[in-house]
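# An overview of the molecular structure
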Amino acid sequence: LLLPPFGSIQNYELITIATLLGAIQEILVKITSVVRTYGIYTLKNLAPMVALMIAPVLVIHLDKHVFVRNQKTCFLLLAALFIDMVTSLMMDHMMKMDYK
């Protein structure tokens, strides 16, 4: 565990670390469960979700000012993309179709 320079850890840092570790564990458990049940080809269907989750982090990391200048636009764009993807996923599930 990497500690801050002063050698102590604050509550919000501990909560953040615990949340990240819990999220990583949950993601790995779910992915392995799905792969065991449906096969390795299902990972191909996760690629759009992974790309949508990683792309904003990369954009903000590469140009920090883009988020500062256009906060509302960035949030609305990401929300619209997630809503569209989740709606498509739910409709395909309800209609027993393959998600593409």
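Scroll up a little and you will see the structure.
Quick summary incoming for the structure in this document.

Conventions adopted
- Residues numbered from 1 in each chain as written.
- Predicted model: local features only at pLDDT ≥ 70, side-chain atom pairs only at ≥ 80, totals over all residues.
- Heavy atoms only, no water.
- Helix = DSSP H or I, 4+ residues; strand = E, 2+ residues; numbered from the N terminus.
- Rg over C-alpha atoms; globule rule 2.2 N^0.38 Å.
- 1 Å grid on protein atoms, 1.4 Å probe; cavity = no way out; pocket = protein on both sides within 12 Å on 5 of 7 lines; lining within 4 Å.
- Points joined across faces, edges and corners; volume = space filled by probe spheres on them.
- Nonpolar A, V, L, I, M, F, W, Y, C, P; charged D, E, K, R; others polar.
- Salt bridge = Lys/Arg side-chain N within 4 Å of Asp/Glu carboxyl O.
- Buried < 20%, exposed > 50% of the residue type's maximum accessible area, 1.4 Å probe, protein only.
- Polar contact = N/O pair within 3.5 Å; in protein donor to acceptor, adjacent residues only side chain to side chain.
- Contact = heavy atoms within 4.5 Å.

### Structural notes on the overall build of the protein chain
A count of helical and extended segments in the protein chain gives 4 helices and 0 strands. Reading the helices (α) and strands (β) of the protein chain from amino to carboxyl end gives α-α-α-α. At 18 Å, the protein chain has a C-alpha radius of gyration far larger than the 13 Å of a compact globule built from 100 residues. For the C-alpha atoms alone, the extent of the protein chain along its principal axes is close to 55 × 35 × 20 Å.

### Here we look at the layout of surface pockets
For the largest pocket, the calculated volume is near 870 Å³. Of all the elements in the fold, those that place two or more residues in the lining of the largest pocket are α1 (11–38), α2 (42–62) and α4 (71–94). The residue inventory of the lining of the largest pocket, partitioned by class, reads 13 nonpolar, 3 polar and 4 charged. Roughly 180 Å³ of volume is contained in the second largest pocket. Around the second largest pocket sit Leu52, Ala55, Pro56, Val59, Ile60, Val66, Thr73, Cys74, Leu77, Leu78 and Leu81, which together line it. Of all the secondary-structure elements, those providing two or more residues to the lining of the second largest pocket are α2 and α4. Residues of the lining of the second largest pocket, tallied by class, amount to 10 nonpolar, 1 polar and no charged.

### Thoughts on the pattern of salt bridges
Summed over the entire model, instances satisfying the criterion amount to 1 salt bridge. With a shortest N-O distance of 3.6 Å, Lys30 and Glu26 are connected by a salt bridge. Of this pair, Lys30 and Glu26 both sit in helix α1, 4 residues apart, which is roughly one turn of that helix. A residue is classified by how much of its surface remains accessible, and Glu26, at 41% relative accessible area, is partly exposed.

### A word on the side chain of Thr42
For Thr42, the position within the fold is in helix α2. In this structure the side chain of Thr42 is engaged in a polar contact, spanning 2.8 Å, whose partner is the backbone oxygen of Gly39. Once residues lying within four places of it in the same chain are set aside, the contact partners of Thr42 are Val34 and Val35.

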